[in-house]
Number of protein chains: 2
Amino acid sequence: MTTPHRPFPGPSTGLATINLGLPGFAEAVNAQGGNALHVQWRPPASGDPQLQEILDRLHRPGPDLGERQRRIEAANREAIQRLVNAQAVLVDIRPAREVVPGLDEETILHAGPPVSWERMCGPMQGAVAGALVYEGRASSFDEACALAASGKVRFAPCHHHRSVGPMAGVISPLMWVFVLHNPAHGNRAFCTLNEGLGKVLRFGAYDAEVIERLRWMERFLAPELAKAVRASGGINIKAIIAQALQMGDELHNRNVAGTSLFIRAIFPHLLASDLTKEGVHQVLAFISGNNHFFLNLSMPAGKLAADTIFGLKDCTLMCAMARNGVELGIRVAGLGPRWFTGPAGLPQGLYFGGYGAADANRDLGDSTICETAGFGGFAMACAPAIVQFTGGSASQAPQVTREMYEIAYARHRDYQIPAFDFAGTPLGVDIRKVVERGSTPYINTGIAHRQPGIGQVGAGILRAPLSCFEEALRAFDELE
Amino acid sequence: MTTPHRPFPGPSTGLATINLGLPGFAEAVNAQGGNALHVQWRPPASGDPQLQEILDRLHRPGPDLGERQRRIEAANREAIQRLVNAQAVLVDIRPAREVVPGLDEETILHAGPPVSWERMCGPMQGAVAGALVYEGRASSFDEACALAASGKVRFAPCHHHRSVGPMAGVISPLMWVFVLHNPAHGNRAFCTLNEGLGKVLRFGAYDAEVIERLRWMERFLAPELAKAVRASGGINIKAIIAQALQMGDELHNRNVAGTSLFIRAIFPHLLASDLTKEGVHQVLAFISGNNHFFLNLSMPAGKLAADTIFGLKDCTLMCAMARNGVELGIRVAGLGPRWFTGPAGLPQGLYFGGYGAADANRDLGDSTICETAGFGGFAMACAPAIVQFTGGSASQAPQVTREMYEIAYARHRDYQIPAFDFAGTPLGVDIRKVVERGSTPYINTGIAHRQPGIGQVGAGILRAPLSCFEEALRAFDELE
């Protein structure tokens, strides 16, 4: 978004000033009654000579590429092919302990980069404690906190277990997860079923109502839906994402079309199952009662694509971006499992009645896998109506997408933007472009209350911190 | 849409020409190697002195309005209130013979302004013949045509019977119709259930498959859906339209979101009815198998609104626009039941495989009630993805809506355009503005084969003819 300023005066109206860089200078001139036009500009790599040298080596424009840069371009092109060709088929729903690799009974998975119990934010502690009660390992919030602090719980990021989780992102062994398969690469990804909005575990709530809902999902919703999914032979989630992008969703904070299309895909198989009509009604009513239900399907679809480039040598594209409520971390394809972290931001957004910015926890969740895979905030131009949920002006939505083209390596083939004459969404965040331009990914997000036990208080938009991209670029340069 | 032209040259590149009016002059200059910029402009009222005098009387801008013009402005403001406040609740589905006023056993309703059997276009004759076979009044196409020509069938426009019908728009007594109610005004409107795409009655097909489908709809689909509708206590169609406009529909040629949202509104009541699971499946699968199903609900919602201003004294707003495949007719609120007609146009569009412009019938159907009520082509800015069905460029969609603001008296309060920061859609076509600017309504439409028996061959976009608006304005001027 550009900085608001006065209309630039014509030549006959006296002295005019053009200000580059710090907006404060233009503001000072204007405060004195002058006329200054502020132009957003920053020097390449924020003027850091070391980063500029690295960019000279890794990102020199023009035809005479060095040998290493040629390898980078080849790797990035290969990465885009894998991202674009990734399919996403919902093939099953299973208990996490049966299918999520390495998820033993001692383990609780959480969103974002690694974080210890002591450093976890309020809503994540709330969700972990709720999960321990749900698992039967504790009988109260206090007992659960004591257990979590005792060292007898192993914490690990969802991302380390082929999984993603929205907000706190807690996955515990008894929870059932969507199983998505990418036949183009042979990989799988997992995500829990979305519980709804407001007072729910992923936003840090943990009371009896929350636990009771999780048990109902485990004992009824998930197994019955699983039968329908298996009977369907697989639901094409990628096709639903592509169509929902033509219907005003960006699939991160707006999933009303995705949820509607999923209902149309699943109802025939529910009605053909051995469920009673009342049972079918309960399943469909739960899904239809929550326009964010599809988020937990769009996220693992993004994870399926992003995981295809994890560890790809010489590739400078981001393959994960996730927040634990304290830090935002990114992973870069060519840099393997290492996380590069910066402070998690505070979203600007709209708050539910009775709440405000002072209640907001820092940014939280694995849902930025959407932006990583070319939708979410990157597809804002598809979803101008989202501002009713996140704030801002609808007419700015196209500008968000345009700005993301500047840091993306390519455009998606299958995820298209009608308002841009079906141009593909920005795909593959290139850390070289991010550092060169000092421009980081836009993120659409939900906002959790910073205290455990309360839940969602709003939704908004923010940018990722620049520092983790700069650190990643330095590490990339040191690889050889 | 503006006429394509070369970039206008700067002052240093030699002589340049600006051409107003006929594009041929600019084309001639450019053909000679010159540089002419063509600007779309036409004199007010197409330069017709009589129409200009009428506009002086009825549409003089500025604060010193004459007494008649004051009455017009007051009537038009009242009309906009009625249009905006109109609700649309689906309250029942009933056999047409039971609920459509004046529809006796001798009568067949059709789309558009009045037309005799002899003058009907091919697809309308096909649909009428099919309906006579379906009603049991004939046993073959030839027998049906003979009966239709015998004078023993009374033909009347749907619009004369509080009804609307897409394409041929045929409503016969045995067909079941949606019953919509507007509690704000107390009126009702009726429309058949959508049969699907391709080889269907409304596009002029009439073979055994078509008749069999109509019988299944009469004997199973409609009565079962009716039970669910009655049990629901009423489905709010206006709310679905408003939401679907935020989801990429314009509700005339694109109804994928509307159909999806209707499925979500109706499934609980189907599942609570006495239908078997297999029965529920058949009903939902039929609806979900046709993304145009909701058209036959958006149309009577538009009719409910438009009928509230029918006969409103001194009102210059169009209250009906419909085509019978030969003529397009409009009605103006202050001019009562009289139709003003001009030639029905030939859409520019996309054709199904194997068909082309030579196969197209002239524009057909009551579905322009959508544009009359502030959606359809007027809401193109909501639905850029529609060009995949109708042709054209998605980035031109906002321009269509902007142009319709110029001939609309106001903007809708409840039907909003996200991409325009939730500005209301253009509402209430003012015949004074149409004539003054020489700019007529955009129409999104389906394309029927011009021969009976074939069905839909494409979809496209076109403009209404100017002559019927000019004739209406003259008649309005002569009122007193």
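These notes cover the structure that comes with them. (Residues numbered from 1 in each chain as written. Chains lettered and ligands numbered in written order. Predicted model: local features only at pLDDT ≥ 70, side-chain atom pairs only at ≥ 80, totals over all residues.)

**Re helix α9 (residues 256-271) of chain A**
All names here are of chain A.
Next up, step 1: Its 16 residues give α9 an end-to-end C-alpha distance of 22 Å, which sits within 8% of 22 Å, the value for a rise of 1.5 Å per residue.
Next up, step 2: The largest bend along α9 reaches roughly 30 degrees and is located at Ala 265, with the proline Pro 268 sitting one to four residues downstream.
Next up, step 3: Of all 16 residues making up α9, 13 are buried, and the element is well covered by its neighbours. (Helix = DSSP H or I, 4+ residues; strand = E, 2+ residues; numbered from the N terminus. Expected span 1.5 Å × (residues − 1). Bend = angle between axes of the 7 residues up to and from the residue. Buried ≥ 20, exposed ≤ 12 C-beta atoms within 10 Å, placed from the backbone.)

**Topic: the sheet that holds strand β16 (residues 442-448) of chain B**
Residue and element names in this part refer to chain B.
Next up, step 1: Strand order in this open sheet of three strands is β12-β17-β16, and the pairing throughout is antiparallel. Each edge of the open sheet is held by one strand with a lone partner, namely β12 (348-351) and β16. Strand after strand, the sheet turns through a mean of 20 degrees between neighbouring axes, direction not considered.
Next up, step 2: Pairing geometry for β16 and strand β17 (residues 456-463), over seven bridges, is antiparallel. Its bridge partner lying in β17, Tyr 442 is registered against Arg 463. (Pairing = 2+ DSSP bridges. Axes fitted to C-alpha atoms, helices over the stretch in contact; angles between N-to-C directions.)

**Concerning the relation of the copies chain A and chain B**
Next up, step 1: Laying chain A over chain B is done by rotating through 180 degrees and shifting 0.0 Å along the axis; what remains is an RMSD of 0.1 Å. What the superposition gives is, in effect, a two-fold axis relating one chain to the other. Distance from the rotation axis, computed per C-alpha, reaches its smallest value in chain A at Met 247 of chain A: 2.2 Å.
Next up, step 2: Most of the interface of chain A is mirrored in chain B, where 100% of its interface residues again form contacts. (Least-squares fit on C-alpha atoms with pLDDT ≥ 70 in both. Contact = placed C-beta atoms within 7 Å.)

**A short note on the interface of chain A and chain B**
Next up, step 1: In this assembly, 27 residues from chain A lie in contact with 28 residues from chain B.
Next up, step 2: Here the side of chain A that touches chain B takes nine residues from α9 of chain A, the largest share from any one element.
Next up, step 3: When its residues are assigned to classes, the side of chain A that touches chain B shows 17 nonpolar, seven polar and three charged. (Nonpolar A, V, L, I, M, F, W, Y, C, P; charged D, E, K, R; others polar.)

**Focus on the environment of Met 380 of chain A**
Residue and element names in this part refer to chain A.
Next up, step 1: With respect to the helices, strands and loops of the structure, Met 380 is situated in the loop between α12 (369-372) and α13 (387-390).
Next up, step 2: Note on Met 380: 32 C-beta atoms within 10 Å, which makes it buried.
Next up, step 3: Sequence separation between Met 380 and His 252 is 128 residues; the distance between their C-alpha atoms is 9.8 Å.
Next up, step 4: If sequence neighbours within four positions are ignored, Met 380 has contacts with Glu 250, Ala 397, Val 400, Thr 401 and Tyr 442.

**Brief notes about the nonpolar core**
Within soluble globular proteins, side chains that are nonpolar tend to cluster in buried spots.
Next up, step 1: Judged by nonpolar contacts, the single largest core of 312 residues is most densely connected at Val 177 of chain A together with Val 177 of chain B.
Next up, step 2: In contact with Val 177 of chain B, not counting residues within four places along its chain, are Ile 93, Arg 94, Ala 96, Val 99, Val 100, Ile 171, Phe 190, Cys 191 and Thr 192 of chain B. (Core = buried A, V, L, I, M, F, W, Y, C linked by C-beta atoms within 7 Å.)

**Some words on the sheet that holds strand β13 (residues 364-365) of chain B**
Pairing between the strands of a sheet comes from backbone hydrogen bonds, and it takes one of two forms, parallel or antiparallel.
Residues and elements named next belong to chain B.
Next up, step 1: On the basis of which strands lie adjacent, the open sheet formed by four strands has the order β11-β10-β9-β13 and antiparallel pairing. Two strands in the sheet have a free side with no partner beyond their single neighbour: β11 (340-343) and β13.
Next up, step 2: Sitting on the sheet, helix α16 (residues 467-477) is in contact with β10 (327-332) and β11, with an inclination near 30 degrees to β10.

**Overview of helix α8 (residues 237-244) of chain A**
Residues and elements named next belong to chain A.
Next up, step 1: Residues of α8 that are buried include every one of Ile 237, Ile 240, Ile 241 and Ala 244, and no others. Angularly, the buried residues of α8 cover 100 degrees about the axis, an arc narrow enough to put them on a single face.
Next up, step 2: Close packing links the buried residues of α8 with β3 (89-95), β6 (176-182), β8 (235-236), α9, α11 (295-307) and β14 (408-417). (Arc of directions from axis to C-beta.)

**As for the packing of helix α7 (residues 208-232) of chain B against helix α10 (residues 277-288) of chain B**
Residue and element names in this part refer to chain B.
Next up, step 1: Two elements in contact, α7 and α10, have axes whose closest approach is 10 Å; the angle formed by their N-to-C orientations is 100 degrees. Considered as vectors, α7 and α10 are oriented roughly perpendicular to each other. Seen from α7, the contacting residues are Leu 221, Glu 224 and Leu 225; seen from α10, they are Gly 279, Val 283 and Phe 286.
Next up, step 2: Here the contact of α7 with α10 is built from residues that sort into four nonpolar, one polar and one charged. (Parallel < 35°, antiparallel > 145°, perpendicular 65-115°, else oblique.)

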